Amino acid sequence: MASPLFQLEGQVIPDFPEPKSFPLLKHLTQKNPLAGITAASRLEIRPAPEMASSGVSKMDALTGGLPRGCLTEICGPDSSGRTSLLLAALAAATQREEICTLIDASDAFDPHSAAAAGVNLERLLWVRCGSHARSSPFARQRNHASSLAEWERHRMEDPVEQALRATDLLLQSNGFGMVAIDLAGVSLKMARRIPLTTWFRFRRAVENTPTALLVIGTQPCAESCATLALKLSRPSPVVSRQEILSSPFSVLSNPSARDNNECCPSDDSFTGRNPSHAELLTGIEICAEVLRSRSERKPMQSVSTFATKTAWTA
Amino acid sequence: MPFACIFVPDFPAEAILRVEPELRSQAVAVLEGKPPLQKVFAVNEKARRVGIEAGMTKIQLEPWTDLTLRPRSPLQETAAHAALLDCAQSFSPRVEDTAPDTVILDLAGLESLFGSLPKIARGIARRTSDLGLEASVATAFNPDTARFAARGFSGVTVVPEGKEAERLGNLPLDVLFPELTSAHPSEETVRLLETFDMWGVRNFRALCALPEVALSERLGQHGIRLQQLARGAISRTLVPVDPPQVFEEAMELEYPLVLLEPLAFLLAHMLDQLCARLAARALAAQELRLQLNLDSSFQLSDELNCHPEHDARSPQNLNCHPERSEGPMHFAGSTTMHGAASTKAAEGNASPRNAHFTRTLELPVPMLDPKVFLKLLQLDLKSHPPGAPILKVHLSATPAQPRTTQGGLFLPPTPEPEKLELTLARIAGMVGEEKVGSLELLDSHRSDAFRMQRFIPTEPEGQKEKSDSFVSQAPITALRMFRPSLRATVSLRDGKPAHLVCNKRKEIHGDIVWIAGPWRTSGDWWEQDGWARDEWDIATQVVSRQSSVISKSFSGKTSLALYRLVHDLLSGHWFVEGSYD
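Residues numbered from 1 in each chain as written. Chains lettered and ligands numbered in written order. Predicted model: local features only at pLDDT ≥ 70, side-chain atom pairs only at ≥ 80, totals over all residues.

K.L.:
Any chance you could explain the overall build of chain B here in plain terms?
P.N.:
Broken down by element type, chain B carries 16 helices and 21 strands. By residue count, 38% of the 581 residues in chain B fall in the buried class. Considering only contacts within chain B whose residues lie at least 6 apart along the sequence, 62% involve residues at least 24 apart. (Helix = DSSP H or I, 4+ residues; strand = E, 2+ residues; numbered from the N terminus. Buried ≥ 20, exposed ≤ 12 C-beta atoms within 10 Å, placed from the backbone. Contact = placed C-beta atoms within 7 Å.)

See the structure below:
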């Protein structure tokens, strides 16, 4: 006998098996559709990153140090102290017995400066980007990329491309205390070609790791991916020789001048009143300005000035 | 005192199957001798089932079309024997190297470590299988009984104490004479077997049942000794050996290999075997040496070296296997090696057609991961291709004690050595070997006096108090080097630089607004590459034409740039060596 399709009065409804999906449907209809969504006001506050010393007391006072697990960008023109700050940060990190790496896109790293700055060279991995020595003669023979493979090979000889790929590999390795990318010698045109997604990828790679990713360049190129962005400049740009008295660098003049004003450069050094061999470069005045900082603590001031010293005066 | 015996039946065939495990499902015959007088030396079980026996000529094998023939390889047999010893050594330090296919080990005192005798026997069989050898394992309370049981029974056999005669009773008398498996058994042994056969004595039990006096009268003491061996009533002292820690794997290729990809498959298998052997001895590899025998008759012209697309040479020209020549080979490099590795031509009695290509991978710490080794070798071969078809692959490892590290909660993290080594190899393939690593300053006043060295991070020592105090008020002024130094044209005024023009960098030009120096240095004048120069620290005004997206503060501003200017006193040229930054 076939089962009735509808219930008649006085009849007994046969015991149909309940569909298996019924409890799930019932649960879904009773559930608040917004239950799994956290209100923006209740979002967990992102914990403040752990800060590592930058090696310069005034910089630490200004920014609190270099944030770990974040991208820090330091930019500025030539002779603005970017590399000095980079070496100070590397020195501090290597003295903390951390393993550091420097990806040098323009092969400009000076080992003697680093040693004078206190960098433990045994703990520093130096990646010198540039044309592959083995493939250079071949590259000279074949200037025109005739195929996709050729184009790929030419692309891989680009120092910036090498630096980015090396950074990718090193960030995936983990375990580094600091990964520094030196793009200071790279032309602005080349630096601008780096897609923003690359910086996002780097930021994601170092997130929740103790690695501090540091980038130095001429102009800011990581944009909003940088947790901390610093701009270095000199306190007062010089536009004429007459203004060299307010020069951005300190010099030691002859002994009599040194007694009177040690850090005052002499305009007469060029005119010949003071011989040039009586002059001595003793350091550079650096003005650091915080362009962007996502740290919880708002800095009391966003600009700080400090000076570097040359190795022979240390 | 219990003993175990590991016996590998059909050892020459098994040595080949160990390297080529895909042949295990096929009938394989091992040939020995010079063509055309090759004869079957050993066969595997599948070949034996289809009727192939040792001693058959190659012509007699022609009807079997699905039979795989391989020449006998002493190299692979040596490696298999070494693996057998490694397996035994991983269980007991007292190992007797009885025969190439037989190893006996003393199990006294091992029950507390590895469990009961059946468990130990199963463990030995499992480890032997891991090393690529299918072996029979038997345990007994005297070495010879264990040996006869291993030779007579396949799989794992445990002979209880006092039941030797009962368990060995059904074994044929051939088992009593191991030398019968050799190519040339002695006449005495053959005559003895014929005698026993005439008497109707065909197994151990029948031999045990013979009266001792009558047996002694006919065969002398030798007969009595054979009877005692068959009863398991005689014991002897084990002769232990201390096998040298040589970890080598070799493979002779039937056809020249012209692609790196199939080579990687071979290397993967060899590395697996090598690492299994090292693991069996609780060791790791400190250095890997890959030696390839190349077909030196294959000469690459410079044109082929420079143009990889011309490498699509036909398989016929290479005399290589058609299946292994689908694509071009990586022949971009020459046979001249760089770095630590080197190539050398074949010497001595090597074939004039063969040349050796050697690569050595020195690992920063002892490692034991075949995947890491394979990737490192692949990256290395990609950077330094062999340059000719490969005839033979020889891989060896230098053993070392495994790395023991004790991590600290408060120590800074360091990269994993295996991961770091792979990363460095990848980066070296990208930028060049000489451009990645740590640096060492040289004891010289010459500019840029340093050398690159391999990056081996040292373990942190936890000097906390030292690190906390390293914050300075004024960092050191850094110099950014221009490599190579930039040639400059300098105008002098009163003997001092007054104007600078650098053609390679347009921004380095203009009047020199401040100058310090010269600082004269020289050195190496007693050598051919002596140097002498004057250094000047100079400042020039630069006009920045760069615009910024975020900040426009740099645009159009005039600023100072500090450079190091160098006057080479020997050549008289001026260079801009770097900038202070």
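K.L.:
It is not clear to me how the overall build of chain A should be interpreted in this structure. Could you clarify?
P.N.:
Secondary structure summary: chain A contains eleven helices and eleven strands in total. By the burial criterion, 46% of the 314 residues in chain A qualify as buried. Pairs at least 24 apart in sequence give 73% of the contacts found in chain A among residues at least 6 apart.

K.L.:
Is there a simple way to explain the environment of Ala498 of chain B in this structure?
P.N.:
Residue and element names in this part refer to chain B. Of note, Ala498 is situated in strand E17 (residues 496-501). The exposure class of Ala498 is partly exposed, given the 16 C-beta atoms found within 10 Å. As for Ala498 and Ala83, which are separated by 415 residues in sequence, their C-alpha atoms are 76 Å apart. Once you skip the residues sitting within four places of it in the chain, Ala498 turns out to touch Ser491, Leu492, Arg493, Asp511 and Ile512.

K.L.:
Would you mind showing me how to read the pairing of strand E8 (residues 228-233) of chain A here?
P.N.:
Remember that side chains alternate between the two faces of the sheet whenever the strand is regular. All names here are of chain A. Most of E8 is tucked away, with six of its six residues classed as buried. A two-sided burial pattern is seen for E8, the buried positions comprising Leu228, Leu230 and Leu232 on one face and Ala229, Lys231 and Ser233 on the other. By the bridge criterion, four bridges tie strand E3 (residues 71-75) to E8 in an arrangement that is parallel. Along E8, the bridge assignment pairs Thr72 with Leu228. As paired elements, E8 and strand E10 (residues 280-293) share six bridges and run antiparallel to each other. Bridging across to E10, Lys231 finds its partner in Glu289. (Pairing = 2+ DSSP bridges.)

K.L.:
Before we go on, may I ask you to explain the interface of chain A and chain B in this structure?
P.N.:
By convention, interface size is frequently given as the accessible area that disappears when the constituent parts associate. Counting residues at the interface gives 95 residues for chain A and 70 residues for chain B. Tallying contributions element by element places helix H3 (residues 82-95) of chain A first for the side of chain A that touches chain B, with nine residues. Of the residues assigned to the side of chain A that touches chain B, the class counts are 47 nonpolar, 30 polar and 18 charged. For strand E5 (residues 124-128) of chain A and strand E14 (residues 436-441) of chain B, the ladder comprises two bridges, and the chain directions are antiparallel. (Nonpolar A, V, L, I, M, F, W, Y, C, P; charged D, E, K, R; others polar.)

K.L.:
Is there a simple way to think about the nonpolar core in this case?
P.N.:
As a rule of thumb, soluble globular proteins bury nonpolar side chains together. The biggest cluster of nonpolar side chains holds 205 residues, and the ones touching the most others in it are Leu90 and Leu214 of chain A together with Ala4 and Ile6 of chain B. Looking at which element gives the most residues to this core, the answer is H3 of chain A, with nine residues. Excluding residues within four positions of it along the chain, Ile6 of chain B makes contact with Leu84, Cys87, Ala88, Val103, Ile124, Thr128, Ala135, Val137 and Ala150 of chain B. (Core = buried A, V, L, I, M, F, W, Y, C linked by C-beta atoms within 7 Å.)

K.L.:
When you look at the domain arrangement of chain B in this model, what are you seeing that I'm missing?
P.N.:
Residue and element names in this part refer to chain B. For chain B, the assigned domains are domain 1 (3-231), domain 2 (246-300 + 336-403 + 415-459) and domain 3 (479-580). One C-alpha centre belongs to domain 1, the other to domain 2; they are set 38 Å apart. Listed by partner, the interface residues are 15 residues for domain 1 and twelve residues for domain 2. Of all elements in the fold, only helix H3 (74-89) and helix H5 (117-130) reach the threshold of two or more residues within the side of domain 1 that touches domain 2. The leading source of residues in the side of domain 1 that touches domain 2 is H3, at eight residues. (Domains from an automatic or database assignment.)

K.L.:
What is the right way to read the environment of Leu569 of chain B from this model?
P.N.:
All names here are of chain B. Secondary-structure assignment places Leu569 in the loop between strand E20 (558-568) and strand E21 (574-580). Along the sequence, Leu569 and Ala279 sit 290 residues apart, while their C-alpha atoms lie 61 Å from each other. Discounting residues that sit within four places of it in the chain, Leu569 has contacts with Ala532, Arg533 and Asp534.

K.L.:
Honestly, helix H11 (residues 260-280) of chain B in this entry has me stumped. Any pointers?
P.N.:
Owing to its 3.6 residues per turn, the α-helix brings residues three or four apart onto one side. The end-to-end C-alpha separation of H11 of chain B is 30 Å, in line with the 30 Å expected for 21 residues at 1.5 Å each. Of the residues trailing H11 of chain B, Ala282 of chain B is marked for its positive phi of about 55°. (Expected span 1.5 Å × (residues − 1).)

K.L.:
Can you walk me through the sheet that holds strand E8 (residues 156-158) of chain B in this structure?
P.N.:
Each strand in a sheet pairs with its neighbour through backbone hydrogen bonds, running either in the same direction (parallel) or in the opposite one (antiparallel). All names here are of chain B. Here five strands make up an open sheet; going across it, the order is E5-E6-E1-E7-E8 and the pairing mixed. One side of each edge strand has no neighbouring strand; the edge strands of this open sheet are strand E5 (95-99) and E8. Strand-to-strand, the axes of this sheet are offset by a mean angle of 15°, without reference to chain direction. Strand direction decides the pairing type here: strand E1 (residues 3-7) and strand E6 (residues 102-106), joined by five bridges, are antiparallel. Residue Ala4 lies in a different strand from E6, and its bridge partner there is Leu105. (Axes fitted to C-alpha atoms, helices over the stretch in contact; angles between N-to-C directions.)

K.L.:
Whenever I open this one, the packing of H11 of chain B against helix H14 (residues 370-383) of chain B confuses me. Can you help?
P.N.:
Working note: a packed helix pair is described by the angle between its axes plus the distance between those axes. All names here are of chain B. Viewed as axis vectors pointing N to C, H11 and H14 meet at an angle of 145°, and their least axial separation amounts to 9 Å. At the point where H11 passes H14, the crossing takes the right-handed sense. Contacts between H11 and H14 pair Leu260, Ala264, Leu267, Ala268, Leu271, Asp272 and Cys275 from the former with Pro370, Phe373, Leu374, Leu377, Gln378, Leu381 and Lys382 from the latter. A per-class count over the contact of H11 with H14 returns eleven nonpolar, one polar and two charged. (Left-handed = near helix turned anticlockwise from the far one by under 90°.)

K.L.:
Which parts of the structure should I look at to understand the confidence of the model for chain A?
P.N.:
Should pLDDT be low for a region, the predicted coordinates there are not to be read in detail. Residue and element names in this part refer to chain A. For chain A, the mean per-residue pLDDT works out to 76, and 66% of the residues sit at or above 70. Segment residues 133-145 is flagged for pLDDT under 50; beyond a separation of four residues in sequence, or across chains, it makes 13 contacts in the model. For residues 237-246, every residue scores under 50 in pLDDT, and the model assigns this stretch 20 contacts once sequence neighbours within four places are set aside. (pLDDT = per-residue confidence, 0-100.)

K.L.:
Before we go on, may I ask you to explain the packing of helix H1 (residues 11-19) of chain B against H3 of chain B in this structure?
P.N.:
All names here are of chain B. For the pair H1 and H3, the least separation of the axes is 9 Å and the interaxial angle reads 85°. It follows that H1 is roughly perpendicular to H3 by the angle criterion. Contacts from Phe11, Pro12, Glu14, Ala15, Ile16, Arg18 and Val19 of H1 reach H3 at Gln76, Glu77 and Ala80. The class makeup of the residues in the contact of H1 with H3 is six nonpolar, one polar and three charged. (Parallel < 35°, antiparallel > 145°, perpendicular 65-115°, else oblique.)

K.L.:
Explanation requested: the sheet that holds strand E2 (residues 28-32) of chain B in the structure shown.
P.N.:
Residues and elements named next belong to chain B. Ordered by their spatial adjacency, three strands build an open sheet running E3-E2-E4, and the pairing between neighbours is mixed. A strand with exactly one partner marks an edge of an open sheet, and here the two such strands are strand E3 (39-43) and strand E4 (68-71). Within this sheet the neighbouring strands show an average axis-to-axis angle of 40°, counted without direction. H1 contacts E2, E3 and E4 of the sheet and is inclined by roughly 115° relative to E2.

K.L.:
Would you explain helix H10 (residues 212-231) of chain B in this entry?
P.N.:
Residues and elements named next belong to chain B. Its 20 residues give H10 an end-to-end C-alpha distance of only 12 Å, which falls more than 12% under 28 Å, the value for a rise of 1.5 Å per residue. Within the span of H10, buried status applies to Gly223, Leu226, Gln227, Leu229 and Ala230. Elements in contact with the buried residues of H10: helix H6 (143-152), helix H7 (164-168) and helix H9 (204-209). Positioned one or two residues after H10, Gly232 has a phi angle of 70°, which is positive.

K.L.:
For this particular structure, what's the right way to read the pairing of strand E4 (residues 100-104) of chain A?
P.N.:
Residues and elements named next belong to chain A. Judged by how many residues are buried, E4 sits mostly within the fold: five of five residues are covered. Sheet analysis places E4 next to E5, joined by five bridges and oriented parallel. The residue of E5 that forms the bridge with Ile103 is Val127. Handedness of the crossover joining E4 and E5 through helix H4 (residues 111-117): right-handed. Here E4 pairs with strand E6 (residues 178-182) via five bridges, running parallel. Its bridge partner being in E6, Ile103 is matched across the sheet by Ile181. (Right-handed = clockwise from strand over helix to strand, strands pointing away.)

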